Amino acid sequence: MPIFSTSVGKKIIMAVTGLMMVLFVIVHMLGNLTIFASHINAYAAKLHALFLLIWGYRVVLGAAVLAHIFFGVQLTLENRAAKPQGNTMTRYRSVTFAGETMIWTGLLLMAFITYHLLHFTVRITNPAISHFVDALGRPDVYRMVVLSFRHGIIAAIYAASMVVLFLHLSHGIQSFVQTLGGNNDRTLPAVRTAGLVLPAMLLIGFAAIPITVVVGMLGG
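Residues numbered from 1 in each chain as written. Predicted model: local features only at pLDDT ≥ 70, side-chain atom pairs only at ≥ 80, totals over all residues. Heavy atoms only, no water.

Draft legend 1. Region of interest: the overall build of the protein chain. Along the backbone of the protein chain there are 8 helices and 0 strands. Walking the protein chain from its N terminus toward its C terminus, one meets helices and strands in the order α-α-α-α-α-α-α-α. If one aligns the C-alpha atoms of the protein chain with their principal axes, the spans along those axes are about 65 × 40 × 35 Å. The burial tally for the protein chain puts 33% of its 220 residues in the buried class. The contacts of the protein chain with a sequence gap of at least 6 include a subset with a gap of at least 24, amounting to 73%. For the protein chain, the computed accessible surface area is about 13,400 Å², with 72% contributed by carbon and sulfur atoms. (Helix = DSSP H or I, 4+ residues; strand = E, 2+ residues; numbered from the N terminus. Buried < 20%, exposed > 50% of the residue type's maximum accessible area, 1.4 Å probe, protein only. Contact = heavy atoms within 4.5 Å. Areas by Shrake-Rupley, 256 points an atom, 1.4 Å probe, with all protein chains shown as cover.)

Draft legend 2. Representation of the pattern of salt bridges. Tallying each qualifying case throughout the model produces 2 salt bridges. Across the pair Glu78 and Lys10 runs a salt bridge whose closest N-O atoms are separated by 2.5 Å. In this pair, Glu78 sits in helix H3 (residues 51–82) while Lys10 sits in helix H1 (residues 7–32), placing the two residues 68 residues apart along the sequence. Owing to a relative accessible area of 7%, Lys10 belongs among the buried residues under this scheme. (Salt bridge = Lys/Arg side-chain N within 4 Å of Asp/Glu carboxyl O.)

Draft legend 3. Broad picture of a nonpolar patch on the surface. Residues Ile211, Val214, Val215 and Met217 make up a contiguous nonpolar surface patch of roughly 420 Å² in combined accessible area. Assignment of secondary structure puts Val214 in helix H8 (residues 188–214). For Val214, a relative accessible area of 51% translates into the label exposed. (Patch = residues over 30% accessible without salt bridge, like charges linked within 9 Å, V, L, I, M, F, W, Y side chains within 5 Å.)

Draft legend 4. Spatial organisation of the nonpolar core. Counting residues in hydrophobic clusters, the biggest one holds 27 residues, and the most contacted among them are Val145, Phe149, Leu165 and Leu202. Not counting the four nearest positions on each side in its chain, Leu165 is found in contact with Val25, Leu109 and Leu202. (Core = buried A, V, L, I, M, F, W, Y, C linked by side-chain atoms within 4.5 Å.)

Draft legend 5. Quick look at the confidence of the model for the protein chain. Residues with a pLDDT of 70 or more make up 92% of the protein chain, whose mean pLDDT is 89. Taken element by element, the protein chain is modelled with least confidence in helix H4 (residues 97–100), mean pLDDT 89, and with most confidence in helix H6 (residues 141–149), mean pLDDT 95. (pLDDT = per-residue confidence, 0-100.)

Draft legend 6. Local environment of unusual backbone geometry. Here the phi dihedral of Ser38 falls at roughly 60°; this positive angle occurs in a residue that is not glycine. Its place among the elements puts Ser38 in the loop between H1 and helix H2 (40–49). Classification of Ser38 by relative accessible area gives exposed; the value is 53%. Backbone geometry at Arg123 places phi at a positive 60°, although glycine is not the residue there. On the basis of relative accessible area, Arg123 is assigned to the partly exposed category, the value being 26%.

Draft legend 7. Main features of the environment of Ile40. With respect to the helices and strands, Ile40 occurs in helix H2. With 11 residues separating them in the primary sequence, Ile40 and Phe51 have C-alpha atoms 17 Å apart. Ignoring anything within four residues of it in the chain, the contact list for Ile40 reads Gly31, Asn32, Thr34, Ile35, Val141 and Tyr142.

In structure tokens:
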């Protein structure tokens, strides 16, 4: 029986693809934070020099995202079908808002990723700022970011999306550990803490960029 046809197999695939995306998000945030040292153009130029490698990884990561969504939707539907109806007393006390809304935060993140790629990678949502180059002839990513986030709506979309990411990961990290059999009375406090600390760091790191642009601290 194929692994993806069982509930356990689907959860393992969800865990593996989720881990791939979390690792990418961490690296992506660290790269983005180079904007505060005015090194983001150099960072972007290095990525561009690795064109084939980067796009190969993007294809693999894109497949992981689609698999994560596909099996996530399947597991959600299966869990709802198996849940007794009309008996609120059977609900687990440990259920959280983040856990109950995983499917919706996941779909919102997919919509944001699509917008983000169209905005900064394909550069078709705001073409007026996509042609700038810096003094070294490199794409001026710094200027593109600053000009983008000076639009309050764009900055709000990015900041709000990071809140959604926080909610999704705050439950996803605990689910990942549980899938690997690491949840027990001894490890649960540490898992819960990690499930809040890491998403909070990502929220602060990513949201800091649009917020500092809006208040005039970056690129002012």
